Amino acid sequence: MPTPLDTIECHACKGKGTHRTAFADLDTVDQHRLADKLHYAGEEVPMQEQECPFCKGTGEEPIYECEECDGLGYYKGEVYNPNRTCAKCGGQGWYT
Ligand SMILES: [Zn+2]
Ligand SMILES: [Zn+2]
């Protein structure tokens, strides 16, 4: 794993580090099934704070310099052309 270039706000939890989830100890499919069942029965769905699985509760997502383009966002040895940006990083020069 390369060393992160920097960190950005976690896309999954918007930097909070936690998610509000019903039935946090179940997997996602069961969470939705149970929550729907309670919802249709007119019952309150108990919500819990759960550590964000993407950032492990840090609220941050590491970003890595794109090794395809050395962080340029376009192909090495070429003149910058907005229609030919690096496919790996989408022209940003970094990826998460
Ligand atoms: Zn997160
Ligand atoms: Zn790139």
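Every value quoted in this text rests on a predicted model; they were computed, and no experiment measured them.

(A) Layout of the overall build of the protein. When helices and strands are tallied, the protein shows one helix and five strands. Reading the protein from its N terminus to its C terminus gives the helix and strand order β-β-α-β-β-β. Taking the principal axes of its C-alpha atoms as reference, the protein extends roughly 60 × 25 × 20 Å.

(B) Molecular detail of helix α1 (residues 28-40). In this model α1 runs 18 Å from its N-terminal to its C-terminal C-alpha over 13 residues, within 8% of the 18 Å that 1.5 Å per residue would give. Within α1, only zero of the 13 residues are buried, leaving the element largely exposed. Within two residues after α1, Gly-42 carries a phi angle of roughly 80°, on the positive side.

(C) Region of interest: the sheet that holds strand β5 (residues 94-95). On the basis of which strands lie adjacent, the open sheet formed by three strands has the order β1-β4-β5 and antiparallel pairing. The open sheet is flanked by β1 (6-9) and β5, the only strands paired with a single partner.

(D) Looking closely at the environment of Gly-93. Among the secondary structure elements, Gly-93 is positioned in the loop between β4 (60-65) and β5. Excluding its chain neighbours within four sequence positions, the residues that come into contact with Gly-93 are Glu-65, Cys-66, Cys-69, Gly-71, Leu-72 and Gly-73.

Conventions we followed
Residues numbered from 1 in each chain as written. Chains lettered and ligands numbered in written order. Predicted model: local features only at pLDDT ≥ 70, side-chain atom pairs only at ≥ 80, totals over all residues. Helix = DSSP H or I, 4+ residues; strand = E, 2+ residues; numbered from the N terminus. Expected span 1.5 Å × (residues − 1). Buried ≥ 20, exposed ≤ 12 C-beta atoms within 10 Å, placed from the backbone. Pairing = 2+ DSSP bridges. Contact = placed C-beta atoms within 7 Å.

None of this, on its own, says anything about what the molecule does.
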